[in-house]
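# Architecture and fold: a report
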Amino acid sequence: AGLQLGDLAGIVLLDGAGYNVPEQLAEAGPRLRRTYREAFGSDPVRQRARSPVTHAAVPNVRYFLILHVDRYDSARQSQALAAARRAAGTPAEVHGLPGRGLSGHREINVQLGDPSYPGTEIVDRWLSTLC
């Protein structure tokens with residue numbers, strides 16, 4: 001898009017479980033495993049290269065807000081990505097939101113921005129600290 005890292009104040013991530021692709025593939029069920037292999041291939045080197053957790057070192061975007069719903073893989077990978085970002089010197093904030101499994105995943109994507117959705121207040125507050 002022609003942007004440089006300095007052009008971005010921060011990144012908001014929504015309920016991801018692919019922050020460490022090889023780990024996700026090892027734990028996923030058959031359907032999700034097939035989806036991840038289609039997206040990231042079967043080569044572990046390629047999978048690691050496409051895993052955000054391996055790109056935590058600076059230079060990087062200055063701030064990260066990582067949101068997840070009540071999904072084991074998303075919660076665990078969100079915390080791991082935040083820890084990698086912090087270890088590299090990049091502030092990262094993690095928040096769990098209501099909603100379970102893939103229906104919760106859909107809800108965060110549909111409801112974010114609605115004033116009654118808890119994630120909206122979190123994002124609005126976080127954005128206000130960047131301005």
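Check the entry above for the structure.
Overview of the structure. (Residues numbered from 1 in each chain as written. Predicted model: local features only at pLDDT ≥ 70, side-chain atom pairs only at ≥ 80, totals over all residues. Heavy atoms only, no water.)

### Quick word on the environment of Arg85
Relative to the elements of secondary structure, Arg85 occurs in helix α4 (residues 72-87). Other than its neighbours up to four places away in sequence, Arg85 contacts Pro52, His55, Ala56, Asn60, Phe64, Thr90 and Ala92. (Helix = DSSP H or I, 4+ residues; strand = E, 2+ residues; numbered from the N terminus. Contact = heavy atoms within 4.5 Å.)

### Thoughts on the pattern of salt bridges
Enumeration according to the criterion identifies five salt bridges in this entry. In this structure, Asp15 and Arg71 form a salt bridge, with 3.1 Å as the shortest nitrogen-oxygen distance. Placement of Asp15 in the loop between β1 (11-14) and α1 (21-27) and of Arg71 in the loop between β2 (64-70) and α4 is noted, with a sequence separation of 56 residues between them. Its relative accessible area of 1% is what places Asp15 among the buried residues. Residue Arg71 is classed as buried on the basis of its relative accessible area of 10%. Residues Arg100 and Asp70 are paired through a salt bridge, measuring 2.4 Å at the closest nitrogen-oxygen approach. One end of the pair, Arg100, is in strand β3 (residues 92-100); the other, Asp70, is in strand β2, and 30 residues separate them in sequence. Judged by its relative accessible area of 42%, Asp70 is partly exposed. (Salt bridge = Lys/Arg side-chain N within 4 Å of Asp/Glu carboxyl O. Buried < 20%, exposed > 50% of the residue type's maximum accessible area, 1.4 Å probe, protein only.)

### Some remarks on the sheet that holds β3
Spatially, the three strands line up as an open sheet ordered β1-β2-β3, and their pairing is parallel. Both outer strands of the open sheet, β1 and β3, are each paired with one neighbouring strand and no more. Here the strands of the sheet are splayed against their neighbours by 20 degrees on average, with no regard to which way each runs. Inspection of the sheet shows β2 paired to β3 by six bridges, in the parallel sense. Its bridge partner being in β3, Phe64 is matched across the sheet by Ala92. Here α4 sits on the sheet and contacts β1, β2 and β3; the angle it forms with β2, its principal contact strand, is near 160 degrees. (Pairing = 2+ DSSP bridges. Axes fitted to C-alpha atoms, helices over the stretch in contact; angles between N-to-C directions.)

### Topic: the environment of Gln111
In this structure, Gln111 sits in helix α5 (residues 101-111). The spatial distance from the C-alpha of Gln111 to the C-alpha of Ala26 is 30 Å, given a sequence separation of 85 residues. In this structure Gln111 touches Tyr117 and Thr120, once residues within four positions along its chain are discounted.

### Looking at the environment of Leu67
With respect to the helices, strands and loops of the structure, Leu67 is situated in strand β2. When the C-alpha atoms of Leu67 and Gly16 are compared, they prove to be 8.2 Å apart, with 51 residues separating the residues in sequence. Setting aside its immediate chain neighbours within four residues, Leu67 contacts Val12, Leu13, Leu14, Asp15, Gly16, Ser78, His95, Leu97, Ile108, Ile122 and Val123.

### Examining the side chain of Thr90
By secondary structure assignment, the location of Thr90 is in the loop between α4 and β3. Given the relative accessible area of 3%, Thr90 is considered buried. Excluding residues within four positions of it along the chain, Thr90 makes contact with Ala56, Val58, Asn60, Val61, Arg62, Tyr63, Phe64 and Arg85.

Structural measurements only, silent on function.
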